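Secondary and tertiary structure notes
Chain by chain, the residues:
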Amino acid sequence: MIYQNLITEVKEHLLYITINREKSLNALNRSVLSELATVIDFAKHADEVRGVIITGAGEKAFVAGADIKEFADYDGKKGEELARDGQQKVFNAIENSPKPFIAAINGFALGGGLELAMACHIRIASENAKLGLPEVTLGLIPGYGGTQRLTQLVGKGRAIEMITTANMITAVQAEKFGLVNYVVAQTDLIGKAEEILNFVKQRAPLAVAAAIRAVIASVNEVDGYKVEVESFGKCFETSDFKEGVVAFLEKRKPQFVGK
Ligand code: CO8
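Residues numbered from 1 in each chain as written. Predicted model: local features only at pLDDT ≥ 70, side-chain atom pairs only at ≥ 80, totals over all residues. Heavy atoms only, no water.

The protein chain is annotated in an unreviewed UniProt entry as Enoyl-CoA hydratase from Pedobacter changchengzhani. The record held by UniProt for the protein chain lists under Sequence similarities (unreviewed entry) the comment "Belongs to the enoyl-CoA hydratase/isomerase family." (UniProt positions renumbered as here; feature names shortened; annotations may be inferred.)

Structure (structure tokens):
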């Protein structure tokens, strides 16, 4: 299958996915999300695939978030629909995959980019990586599962600090918080992911799938995701959201008024 925004390859039972929009720091537009949904579904059904590595093109960014340029025409209903659709077809589909997904975080993992990494089962960061959920700088909140998965991974206190300050953390801090499993040199990133998946490849596939299912079940009992999607949609009704997006596009600081 040929993709416009992804480079994919299956090699020795591993599927490699590179999000390939380097000029936009691999931001997730609708087309990327739709292609990701297709390749995630392929991975689920392809017997030859035993594990997946996702990374971003270039040396600067894994994914710098949802594509803010597409936000301009969103209202509350559309924002909520897109968040729900994206959660189901991409983020939850990764988390519920019977094959392990590793995020190889090769630079900025922000907003939807960190949410993508957090949907993966394992995260490895390069030393230059910066991670954060900056949505409140745009008058939004995370909409692809970030409020739930960050809390599960780092605990309530750190999640609320990261989300409400919108500040980025370094790879080393992320490892300390338990947000990433390992920090390695950028040149060793894919090799480290392969090292882990080469062990998984030797194990019983159905047992691996059952283990993932059981672990994920332990953290997903209540529907905080629904609350997040509804709250995310409501943000689009605020004038602060419009100001946040316009300010980003005009490359200036936003002036928020709390409405
Ligand atoms: N969307 C669109 N374009 C982007 C994005 C983005 N998220 N991030 C970077 N770009 C573009 C820039 O606009 C710029 O393009 P151009 O050259 O045409 O002006 C290019 O990428 C390079 O970026 P910068 O020049 O800004 O590079 P810097 O090194 O100066 O800064 C940063 C790098 C710090 C990563 C900076 O680009 C930045 O702050 N980006 C935005 C990060 C952000 O706010 N991400 C969160 C987005 S909101 C989100 O993810 C919500 C998820 C839930 C969605 C739910 C469903 C709808």
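So, on to the sheet that holds strand 6 (residues 108-110). Ordered in space as 4-6-8-9, the four strands form an open sheet in which the pairing is mixed. Taken across any chain shown, the strands that pair with only one partner, and hence form the sheet edges, are strand 4 (61-63) and strand 9 (169-170). Two elements, strand 6 and strand 8 (residues 130-132), share three bridges in a ladder whose sense is parallel. Bridged to Leu110 within strand 8 is Gly132. (Pairing = 2+ DSSP bridges. Helix = DSSP H or I, 4+ residues; strand = E, 2+ residues; numbered from the N terminus.)

It is worth spelling out unusual backbone geometry at this point. For residues that are not glycine, phi is negative in most cases, and the peptide bond is trans in most cases. Of note, Glu12 is a non-glycine position whose phi angle comes to about 45 degrees, a positive value. In this fold, Glu12 is placed in the loop between strand 1 (6-11) and strand 2 (14-19). Owing to a relative accessible area of 64%, Glu12 belongs among the exposed residues under this scheme. You will see that Lys251, though not glycine, has its phi angle at about 55 degrees, which is positive. Structurally, the position occupied by Lys251 is in the segment after helix 10 (239-249). (Buried < 20%, exposed > 50% of the residue type's maximum accessible area, 1.4 Å probe, protein only.)

Moving on: the domain arrangement of the protein chain. Looking at the assigned domains, one finds that the protein chain contains domain 1 (6-200) and domain 2 (205-249). With centres defined by C-alpha atoms, the gap from domain 1 to domain 2 works out at 12 Å. On the side of domain 2, 25 residues touch domain 1, which itself brings 36 residues to the contact. Buried surface at the junction of domain 1 and domain 2, summed over both partners, amounts to about 2500 Å²; 69% is from carbon and sulfur atoms. Where domain 1 meets domain 2, there are two residue pairs in polar contact (both at pLDDT 80 or more). (Domains from an automatic or database assignment. Contact = heavy atoms within 4.5 Å. Buried area = accessible area lost by both parts, 1.4 Å probe. Polar contact = N/O pair within 3.5 Å; in protein donor to acceptor, adjacent residues only side chain to side chain.)

What follows deals with the site of the ligand. Around the ligand, the surrounding shell holds 28 residues, and the nearest of these are Lys60, Ala66, Ile68, Gly112 and Lys251. Contacts to the ligand include Lys23, whose backbone N or O atom sits 3.4 Å from an oxygen atom. Measuring from an oxygen atom of the ligand, one finds a side-chain N or O atom of Lys69 at 3.4 Å. Of all elements in the fold, only strand 6 and helix 3 (112-119) reach the threshold of two or more residues within the shell around the ligand. When the residues that make up the shell around the ligand are grouped by side-chain class, the tally is 16 nonpolar, five polar and seven charged. (Near = heavy atom within 4 Å. Nonpolar A, V, L, I, M, F, W, Y, C, P; charged D, E, K, R; others polar.)

With that settled, consider the packing of helix 4 (residues 146-154) against helix 5 (residues 156-165). Where helix 4 contacts helix 5, the axes come no closer than 7 Å and their chain directions differ by 135 degrees. The angle between helix 4 and helix 5 falls in the class oblique. The two elements helix 4 and helix 5 meet at a crossing, and its hand is right-handed. Facing Gly146, Thr147, Leu150, Thr151 and Val154 of helix 4, the residues of helix 5 in contact are Lys156, Arg158, Ala159, Met162 and Ile163. A per-class count over the contact of helix 4 with helix 5 returns five nonpolar, three polar and two charged. (Axes fitted to C-alpha atoms, helices over the stretch in contact; angles between N-to-C directions. Parallel < 35°, antiparallel > 145°, perpendicular 65-115°, else oblique. Left-handed = near helix turned anticlockwise from the far one by under 90°.)

A few words on the packing of helix 1 (residues 30-45) against helix 2 (residues 76-95). It is at 9 Å that the axes of helix 1 and helix 2 come closest, and there the two elements cross at 30 degrees. As helix 1 runs across helix 2, the sense of the crossing is left-handed. Between helix 1, through Arg30, Leu33, Leu36, Ala37 and Ile40, and helix 2, the contact on the second element is made entirely by Lys78, Leu82, Lys89, Val90, Phe91, Ala93 and Ile94. Taken together, the residues that form the contact of helix 1 with helix 2 break down as nine nonpolar, no polar and three charged.

Within an α-helix, residues lying three or four positions from one another point in the same direction, as the helix has 3.6 residues per turn. Taking 1.5 Å of rise per residue, the 16 residues of helix 1 would be expected to cover 22 Å, and the 23 Å separating its terminal C-alpha atoms lies within 8% of that figure. Among all positions in helix 1, only Val32, Leu33, Glu35, Leu36, Ala37, Val39, Ile40 and Ala43 are buried. At its buried positions, helix 1 is contacted by strand 1, strand 2, strand 3 (51-56), helix 2, strand 5 (101-105) and helix 3. (Expected span 1.5 Å × (residues − 1).)

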